[in-house]
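Chain by chain, the residues run as shown.
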Amino acid sequence: MDSTLNERVLQALETIRPYLKADGGDVELVKVTPEGIVEVRLTGACSNCPMSQMTLRAGVERALIREVPGIRRVEAV
């Protein structure tokens, strides 16, 4: 995995982490694939929240695609 890309993804996740923590959740980076797919694990309150899929798409994915060129999609694992 490209360590620069990994670092940029981690930095972008830090920008949204406060919003997740405000609701008792968090996000962990699992991996970034060569195809530009970011795999994350939602934790805390986010792991079993019925809105987690919306959080993933509207929050996490949107922020990563905007902040990190080359990211195509975010998936929860």
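In case you missed it, the structure is sitting above this.
Analysis parameters
Residues numbered from 1 in each chain as written. Predicted model: local features only at pLDDT ≥ 70, side-chain atom pairs only at ≥ 80, totals over all residues. Heavy atoms only, no water. Axes fitted to C-alpha atoms, helices over the stretch in contact; angles between N-to-C directions. Helix = DSSP H or I, 4+ residues; strand = E, 2+ residues; numbered from the N terminus. Left-handed = near helix turned anticlockwise from the far one by under 90°. Contact = heavy atoms within 4.5 Å. Salt bridge = Lys/Arg side-chain N within 4 Å of Asp/Glu carboxyl O. Buried < 20%, exposed > 50% of the residue type's maximum accessible area, 1.4 Å probe, protein only.

Colleague: Even after reading the chapter, I still don't get the packing of helix α1 (residues 3–22) against helix α2 (residues 52–67), so can you show me in this structure?
Modeller: Relative orientation and spacing of two packed helices are given, respectively, by the angle between their axes and the distance between those axes. Relative to each other, α1 and α2 sit at 145 degrees, their axes nearing to 9 Å. In the packing of α1 onto α2, the handedness of the crossing is right-handed. Of α2, the residues touching α1 (which contributes R8, V9, A12, L13, I16 and L20) are T55, G59, V60, A63, L64 and E67.

Colleague: Even after reading the chapter, I still don't get the side chain of S52, so can you show me in this structure?
Modeller: Relative to the assigned elements, S52 resides in helix α2. Beyond its immediate sequence surroundings of up to four residues, S52 is in contact with L42 and C46.

Colleague: Even after reading the chapter, I still don't get the pattern of salt bridges, so can you show me in this structure?
Modeller: A side chain with one charge may pair with a side chain of the opposite charge, provided their charged atoms come close. What the rule picks out here adds up to seven salt bridges. Between E14 and R17 there is a salt bridge, with its nearest N and O atoms 2.2 Å apart. Separated by three residues within a single helix, E14 and R17 lie in helix α1, roughly one turn from each other. With a shortest N-O distance of 2.7 Å, R73 and E75 are connected by a salt bridge. What makes R73 partly exposed here is its relative accessible area of 32%. Each of the salt bridges in this network shares a partner with another, and the network as a whole consists of E14, R17, K21 and D26.

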